[in-house]
Amino acid sequence: MVNWTSIRITTPYNIGNIGEKKLEALTKQLLERKVQINAKVNAPDGSIVLLANNGQQNIVFAPNQITYISSILSNDINYQAIKYDFQQILDALLIDDALQYVINLEGNSQTNNSHEESIQVFENKLGDLPQEVYGVGYRFLIKDLDFNGEFKIEPMINNAGLYYYQFILNSIQVSNINSVMEAVKNEIEKNYDCKLNFVKEN
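Residues numbered from 1 in each chain as written. Predicted model: local features only at pLDDT ≥ 70, side-chain atom pairs only at ≥ 80, totals over all residues. Heavy atoms only, no water.

Chemist: Explain the pattern of salt bridges here, please?
Modeler: Pairing between side chains of opposite charge can happen when the charged atoms of each approach one another. Counted by the stated rule, this structure contains 3 salt bridges. With its nearest N and O atoms 3.0 Å apart, the salt bridge here joins glutamate 20 to lysine 40. Here glutamate 20, found in helix H1 (residues 20-32), pairs with lysine 40, found in strand E2 (residues 37-42); they are 20 residues apart in sequence, far enough to count as distant. Classification of glutamate 20 as exposed rests on a relative accessible area of 55%. Overall, the relative accessible area of 34% leaves lysine 40 in the partly exposed class. Taking the shortest distance from any N to any O, the salt bridge between glutamate 150 and arginine 139 comes out at 2.9 Å. (Salt bridge = Lys/Arg side-chain N within 4 Å of Asp/Glu carboxyl O. Helix = DSSP H or I, 4+ residues; strand = E, 2+ residues; numbered from the N terminus. Buried < 20%, exposed > 50% of the residue type's maximum accessible area, 1.4 Å probe, protein only.)

Chemist: Is there a simple way to explain the environment of asparagine 42 in this structure?
Modeler: Residue position: asparagine 42 is located in strand E2. Taking relative accessible area as the criterion, asparagine 42 reaches 54% and is therefore assigned exposed. Separated by 19 residues in sequence, asparagine 42 and phenylalanine 61 have C-alpha atoms that sit 10.0 Å apart. Those residues in contact with asparagine 42 that lie beyond four places of it in its chain are Ser47 and Ile48. (Contact = heavy atoms within 4.5 Å.)

Chemist: Could you clarify how one ought to interpret unusual backbone geometry in this entry?
Modeler: The backbone phi angle of leucine 94 is positive, close to 60°, even though this residue is not glycine. Position of leucine 94 among the secondary structure elements: in the loop between helix H2 (79-92) and strand E6 (102-110).

Chemist: Looking at this structure, I do not really get the packing of aromatic side chains. What am I missing?
Modeler: To describe a pair of aromatic rings, one takes the distance between the centres and the angle between the planes. Considering all chains together, one arrives at 5 aromatic pairs under this definition. Summarising the aromatic geometry, the rings of tryptophan 4 and tyrosine 165 are spaced 6.4 Å apart at their centres and angled 65° between planes, so their arrangement reads as edge-to-face. Of the two residues, tryptophan 4 is situated in strand E1 (residues 3-12) and tyrosine 165 in strand E9 (residues 162-171); the sequence distance between them amounts to 161 residues. Looking at tyrosine 165, the relative accessible area reads 0%, which means it is buried. (Phe/Tyr/Trp six-rings, centres within 6.5 Å; stacked < 30°, edge-to-face > 60°.)

Chemist: Whenever I open this one, the packing of H1 against H2 confuses me. Can you help?
Modeler: Where H1 meets H2, the closest approach of the two axes is 9 Å, and the angle between their N-to-C directions is 140°. Between H1 and H2, the angle falls in the class oblique. Handedness of the crossing formed by H1 with H2: right-handed. From H1, Leu26, Gln29 and Leu30 reach across to H2, where they touch Gln88, Ile89 and Ala92. Tallied by class, the residues present in the contact of H1 with H2 amount to 4 nonpolar, 2 polar and no charged. (Axes fitted to C-alpha atoms, helices over the stretch in contact; angles between N-to-C directions. Parallel < 35°, antiparallel > 145°, perpendicular 65-115°, else oblique. Left-handed = near helix turned anticlockwise from the far one by under 90°. Nonpolar A, V, L, I, M, F, W, Y, C, P; charged D, E, K, R; others polar.)

Chemist: Help me understand the pairing of E6 in this model?
Modeler: Across a regular strand the side chains alternate sides, sitting on one face of the sheet and then on the other. Sheet topology note: the E1/E6 ladder contains 7 bridges and is antiparallel. By the bridge assignment, serine 6 is partnered in E6 with glutamate 106. (Pairing = 2+ DSSP bridges.)

Chemist: I would appreciate a short explanation of the pairing of strand E7 (residues 138-143) in the present structure.
Modeler: Pairing analysis gives 6 bridges linking E7 to strand E8 (residues 147-155), with the strands arranged antiparallel. Its bridge partner lying in E8, tyrosine 138 is registered against isoleucine 153. Between E7 and E8, which follow one another and run antiparallel, lie 3 residues.

Chemist: I keep staring at helix H3 (residues 114-126) and nothing clicks. Help me out?
Modeler: Look at H3: 18 Å from first C-alpha to last across 13 residues, which is about the 18 Å you get at 1.5 Å a residue. Those residues of H3 that sit buried are Ser114, His115, Ser118, Ile119, Val121 and Phe122. Buried residues in H3, looked at end-on, bunch into an arc of 165°, giving them a common side. Set apart from the buried face of H3 by more than 90 degrees, the exposed residues are Glu116 and Asn124. Between the side-chain oxygen at the start of H3 and the backbone nitrogen of histidine 115 there is a gap of 3.1 Å, and the oxygen is on asparagine 113. In the stretch just after H3, glycine 127 is the one whose phi turns positive, near 110°. (Expected span 1.5 Å × (residues − 1). Arc of directions from axis to C-beta. Polar contact = N/O pair within 3.5 Å; in protein donor to acceptor, adjacent residues only side chain to side chain.)

What follows is the structure, given as C-alpha cells:
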C-alpha cells in the first residue's frame, strides 16, 4: 500500500511582486480562512514561501505562478481537504479557479529489498540485465482529452526498503480545482493496480 507523503499543486498566474503591505493583507486573509502562517521565507529566485499550519503546508508565491504544497503522510488522500485548502488561497487572492494546473503527488511503500525485487521481476518477464544494473524503475505516460501526465514507480536509490512513487498530472485546458482533483483520484484508482501488477510479482 502506498503511503502518499506530499502533494504539490501549481498554477500559472501573473501575481506580480508581493511587497510587505500586500503580503500582510494576504496573510490576514488566509488567517481569516483558518490558514495559520508560521513563518515567511524569501527564496533566492525572488519568490516568497509561507510556512503554514505548523509546517504541514507551504504556499509559494512567485511572480508568475502559485504553488501549494501539503504533507499528506497517509495511505488515503483527503481530496476534499486539499481542494478546500487550495480554494482558500485563491479566494484570499480574489482569483477565480478557472486556471491550468499541474499536480505532483509523491509517496512510497515498504518492501524487503526494492533493488533486488525490481531486477528479479524485470528478468522474469523480459530477460537478463547487465550485472552493473542494480534496480529497475518504470515510467507510464498518461493522456486523455483534458489531461496528460506520468506515473513513476522505482526502487528508492538510497533506501532499498522502499519503492518511490510519483504521479504528475497536467491540465491541457483551463479547468478548476474540483475537476483536476477528481481526475487525479480517477487516474490513481483506474491505473494504479495494473501498473503495480506489471512492476511487482503476483
